[in-house]
Structures are given as structure tokens and as C-alpha cells.
Amino acid sequence: MSRLERNWQYAEQYPSETEAQTRARRLSLELGVEPVSRAVAAQLSGLAVVGRARAICEVGTGVGVSGLALLRYVREATLTSIEVEPEHLREARSVFAGAGIPASQLRLIEGNAQHVLPRLNLGAYDLVLLDAEPEHLLEYVEYALTIVRPGGSIVVPNAFARGRVSDPAARDAATQSLRDLLATVSDSPAIAPVLSPAGDGLLTLTRLDA
């Protein structure tokens, strides 16, 4: 194992999680839903604090692993979370309730993000998480840029597509979609992009002031 690999492994194992996060992560794996890694969850928690997030939007609720991370240190914030699978959303409601998060801080929406995102208020969110299928990510980022405030951030986990993005031989549609997204945001004058090796790659896009 190389030094970089050891460093990555150490960073992945370093973060601690609450009991509620641990239970949610276990439930997620039991249901076959791949949650964000512990390192990514920790970065989400930190971004919410640094950005003083009061309104957070999430695409891809799962069973609440990332939602708990987003609210971990900003418990007064509200979370709007969109999930297409009704079973996952039911489990997430139970997870959030078990973590002591009041329903008044949650807006859980069952539906397709392609239909829900355009209906959200413009410039209303401090932080937007897009944990979604690669084929629609560029479209979702475009919507997210309209609902996140200037200075707010958009976060995209799994940006490496299990290492395929950096592999020239990988040319499947999902991998190419991620490459297109990375190329597009790197050239945009409206975005400050940061690509981290946390988890399977974490892309953070901060909307610059107009």
C-alpha cells in the first residue's frame, strides 16, 4: 500500500459518528443503499458549519445518513430532502425521529428531483447536496445554482465513479457524464470548484457573487 493510500485510508477511518448515524449507516447497508462514507459525512457536517447553513437541500435522502451529517452541528437548520423511493423515505422519517430531529426542521419530499428542483425557491438555500445518478447530475447542478445563494455551496459525492473517471479506458455513459460535469464546472466563471479524494471523490462547487 502506498503512502497516499495509507493517508486516504486513515482519513476515511478517522471521523467519529453519533449513535444515530451508526444505526442509519447499518440500516442503509441492510437495504442495499450505499451511504456516503464516514469521511464524506464528516466533510458535509463541516461544510454546514463553515457555511453557517440555515437552509439545506438534499437530492437523494436514502435512509438519512447524509441528512444526519448535514444537520449534526447545525441542528437549528432546516433540511429539504428529495427521494424517489418511498420505502427509503419511510425509513428516513423513522431515522430522523429516532435522532431527535423535530419534524418542523424537515421537509421530506417523495418525487423525482427533475420535477421537484425547478419548483424550489430561488436563492433560498445555503448548501445543496446532490447524491444522484451521474446521467442527470449536470442538469441538477444547473438547477442547484439557481436555488443556492451566492456564497453557498453545492456538493456532489461519488465524483470518481469508483475510479473510472481517472481511467482513460472507461468510456461508459455514467463515467463520461461525470467527466463532462467536471470539465464544465472547471471552466465556469460563476463557480469555485474543489475536488477532494474523500470517499469516492467529493466535488464542492461554491457559487460566486454575481
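Look up: the structure comes first, before these words.
To start, this report covers the structure provided alongside it. Given the structure is predicted, the values throughout are model-derived calculations rather than measurements. (Residues numbered from 1 in each chain as written. Predicted model: local features only at pLDDT ≥ 70, side-chain atom pairs only at ≥ 80, totals over all residues. Heavy atoms only, no water.)

As for the nonpolar core
- With 32 residues, the main nonpolar core has Ile 56 and Phe 96 as its most contacted residues.
- Excluding residues within four positions of it along the chain, Ile 56 makes contact with Ala 48, Leu 70, Leu 71, Val 74, Ala 77, Thr 78, Leu 79, Thr 80, Tyr 125 and Leu 127.
- Counting 30 residues, the second-largest nonpolar core is a separate cluster that includes Val 59, Ile 147, Ala 161 and Leu 203. (Core = buried A, V, L, I, M, F, W, Y, C linked by side-chain atoms within 4.5 Å. Buried < 20%, exposed > 50% of the residue type's maximum accessible area, 1.4 Å probe, protein only. Contact = heavy atoms within 4.5 Å.)

Concerning the side chain of Ser 37
- Turning to its location among the elements, Ser 37 is positioned in the loop between α2 (19–30) and α3 (38–50).
- Of note is the side chain of Ser 37, whose polar atom sits 3.2 Å from the backbone nitrogen of Val 40.
- Each residue touching Ser 37, except ones within four places of it in the same chain, is listed here: Glu 12, Arg 25 and Gly 199. (Helix = DSSP H or I, 4+ residues; strand = E, 2+ residues; numbered from the N terminus. Polar contact = N/O pair within 3.5 Å; in protein donor to acceptor, adjacent residues only side chain to side chain.)

Overview of helix α5 (residues 86–98)
- The end-to-end C-alpha distance of α5, which contains 13 residues, comes to 19 Å, matching closely the 18 Å that a straight helix rising 1.5 Å per residue would cover.
- What α5 keeps buried is the set His 88, Leu 89, Ala 92, Val 95 and Phe 96. Along the axis of α5, the buried residues cluster in a sector spanning 115°; they form a single face. Every exposed residue of α5 that faces more than 90 degrees away from the buried side is listed here: Arg 90, Ala 97 and Gly 98.
- Against the buried residues of α5 lie α2, α4 (65–71), β2 (78–83) and β3 (106–110).
- Two residues or fewer past α5, Gly 100 is found with a positive phi of approximately 80°. (Expected span 1.5 Å × (residues − 1). Arc of directions from axis to C-beta.)

Digging into the packing of helix α7 (residues 137–147) against helix α8 (residues 173–186)
- The contact between α7 and α8 brings their axes to 9 Å, and the two run at 35°. Residues Leu 137, Leu 138 and Val 141 of α7 lie in contact with α8, whose contacting residues are Leu 178, Leu 181 and Thr 184.
- Along the lines of polarity and charge, the residues of the contact of α7 with α8 split into five nonpolar, one polar and no charged. (Axes fitted to C-alpha atoms, helices over the stretch in contact; angles between N-to-C directions. Nonpolar A, V, L, I, M, F, W, Y, C, P; charged D, E, K, R; others polar.)

Let's talk about the pairing of strand β4 (residues 125–130)
- Taken across its six residues, β4 has six buried, putting it largely inside the fold.
- Taken together, the four bridges between strand β1 (residues 55–59) and β4 define a ladder with parallel strand orientation. By the bridge assignment, Glu 58 is partnered in β4 with Leu 129.
- Note that β4 and strand β5 (residues 148–157) share four bridges and pair parallel. Opposite Leu 129, over in β5, you have Val 155 as the bridge partner.
- With α7 bridging β4 and the parallel β5, this β-α-β connection has right-handed handedness. (Pairing = 2+ DSSP bridges. Right-handed = clockwise from strand over helix to strand, strands pointing away.)

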